[in-house]
Amino acid sequence: MRNVKSMKPKTFADYKSDANNWITLATGEYYPDILKDACELYKPVLVLFGQLLKSSESSTRLFLQIAEQSDGWMRVQLARVFRKYVSPETPVEMLKQKSKAKKICEQFGKGFRVIQKVQAAFLSRPIPDEALCAVLWEYKDRGKKGYDLTERFFAMFRSTFPDLPIKGPERAGKDILLGEIFKNYPKPDRPVDFVVLDKAEGEILAIGLARYDSDRGGAQEDDRTGGYRNCADEILGYAKRHRLKTKVIFINDGPGLLLGSMWNDYSALERSLPGRIMVATLRMVPERITRDWLTS
């Protein structure tokens, strides 16, 4: 008689004993090898920052001049330099929003470092400043590993299921909003990374998110898995009310999964609704995401 237990599909928790073998590692860059390219890329940013600094009577005026820059990439880099020199407490995402320049000055301007100290600090460093260029270089490929993960998952999925369309931004691009997918969805601005369709039946088989965790721990773990749980509960609650067989897939990869309680947290998330939620790394995809699971 065949062992029934051995035929039971593996869960995310079942992979923990040799978890490191199921992680896909993204390639990185070596220090100080990156310094030459970093200095070439960011020297014009530092030169322009210095020019704006000289022509500004205050730190507030400096920021407003940065916000007036028409080149989006340059404006963002200048804002990052501004944050390092002038206002480290200002959220970087706020600094990047051109339309909020005056509001930022009103809210955080009192904490801006005075222009004379900024000037003195800036002049104390060489041009290009290797240390600052290295810091800015870290931002350059932020998100790239996540884009690589999504792109590779899409390729694997299409190779295995050529008749099941998968839609979403494969690299950089606008997320899919569930209000555009489901009628009267309770949170129409909920962003997701991909949607799997059954072309023949016209049904949505799965909604998914993909993330690469280079490093993760502490409160970040709770934020990520807590956010995932809320997302899954929301999607599956809608599916249940409308009698849809839509499932939720979380493609997660990277060494961050091996840190802290992350693996256990994802295992608990998957167990919360067996058969409706799947957590998988790229290496798990071929044996875990099956046609039977998607269409059941």
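Residues numbered from 1 in each chain as written. Predicted model: local features only at pLDDT ≥ 70, side-chain atom pairs only at ≥ 80, totals over all residues. Heavy atoms only, no water.

Caption draft 1: Seen up close, the overall build of the protein. Broken down by element type, the protein carries 12 helices and 7 strands. When the backbone C-alpha atoms are referred to their principal axes, the protein occupies close to 80 × 45 × 35 Å. Taken over 296 residues, the protein has a buried fraction of 44%. Long-range pairs, those at least 24 residues apart, make up 68% of the contacts in the protein between residues at least 6 apart in sequence. Summing over all exposed atoms, the protein offers an accessible surface of approximately 16,200 Å²; the carbon and sulfur share of this is 52%. Averaging the positions of the 49 positive and the 39 negative side-chain charges in the protein gives two centres separated by 3 Å. (Helix = DSSP H or I, 4+ residues; strand = E, 2+ residues; numbered from the N terminus. Buried < 20%, exposed > 50% of the residue type's maximum accessible area, 1.4 Å probe, protein only. Contact = heavy atoms within 4.5 Å. Areas by Shrake-Rupley, 256 points an atom, 1.4 Å probe, with all protein chains shown as cover. Lys, Arg positive; Asp, Glu negative; His and termini not counted. Charge placed at Lys NZ, Arg CZ, Asp CG, Glu CD.)

Caption draft 2: Representation of the pairing of strand β4 (residues 194-198). Where burial is concerned, most of β4 is hidden: 5 out of the 5 residues are buried. Side chains Phe 194, Val 196 and Asp 198 project from β4 onto one buried face, and the interleaved Val 195 and Leu 197 project onto a second face that is buried too. Where strand β1 (residues 166-167) meets β4, 2 bridges bridge the pair, whose relative direction is antiparallel. The partner of Ile 166 across the bridge, within β4, is Val 196. Note: β4 against strand β5 (residues 203-212), 5 bridges, orientation antiparallel. Residue pairing in the sheet places Asp 198 in a bridge with Glu 203 of β5. Connecting β4 to the antiparallel partner β5 that follows it, the hairpin turn spans 4 residues, and Gly 202 within it adopts a positive phi of roughly 75°. (Pairing = 2+ DSSP bridges.)

Caption draft 3: The arrangement of a negative patch on the surface in detail. A cluster of acidic residues, Glu 29, Asp 33, Asp 37, Glu 40 and Glu 138, forms a negative patch at the surface. Tracing the sequence through the fold places Glu 29 in the segment before α1 (35-54). Owing to a relative accessible area of 53%, Glu 29 belongs among the exposed residues under this scheme. (Patch = residues over 30% accessible without salt bridge, like charges linked within 9 Å, V, L, I, M, F, W, Y side chains within 5 Å. Salt bridge = Lys/Arg side-chain N within 4 Å of Asp/Glu carboxyl O.)

Caption draft 4: Just the packing of helix α2 (residues 59-67) against helix α5 (residues 101-108), in detail. One can describe the packing of α2 onto α5 by two numbers: an axis separation of 10 Å at closest approach and a directional angle of 160°. Between α2 and α5, the angle falls in the class roughly antiparallel. Here the hand of the crossing between α2 and α5 comes out right-handed. Listed contacts from α5 to Thr 60, Phe 63, Leu 64 and Ala 67 of α2 are Ala 101, Lys 102, Ile 104 and Cys 105. Considered class by class, the residues forming the contact of α2 with α5 number 6 nonpolar, 1 polar and 1 charged. (Axes fitted to C-alpha atoms, helices over the stretch in contact; angles between N-to-C directions. Parallel < 35°, antiparallel > 145°, perpendicular 65-115°, else oblique. Left-handed = near helix turned anticlockwise from the far one by under 90°. Nonpolar A, V, L, I, M, F, W, Y, C, P; charged D, E, K, R; others polar.)

So, to be careful, I would describe these as geometric facts and stop short of saying anything about function.
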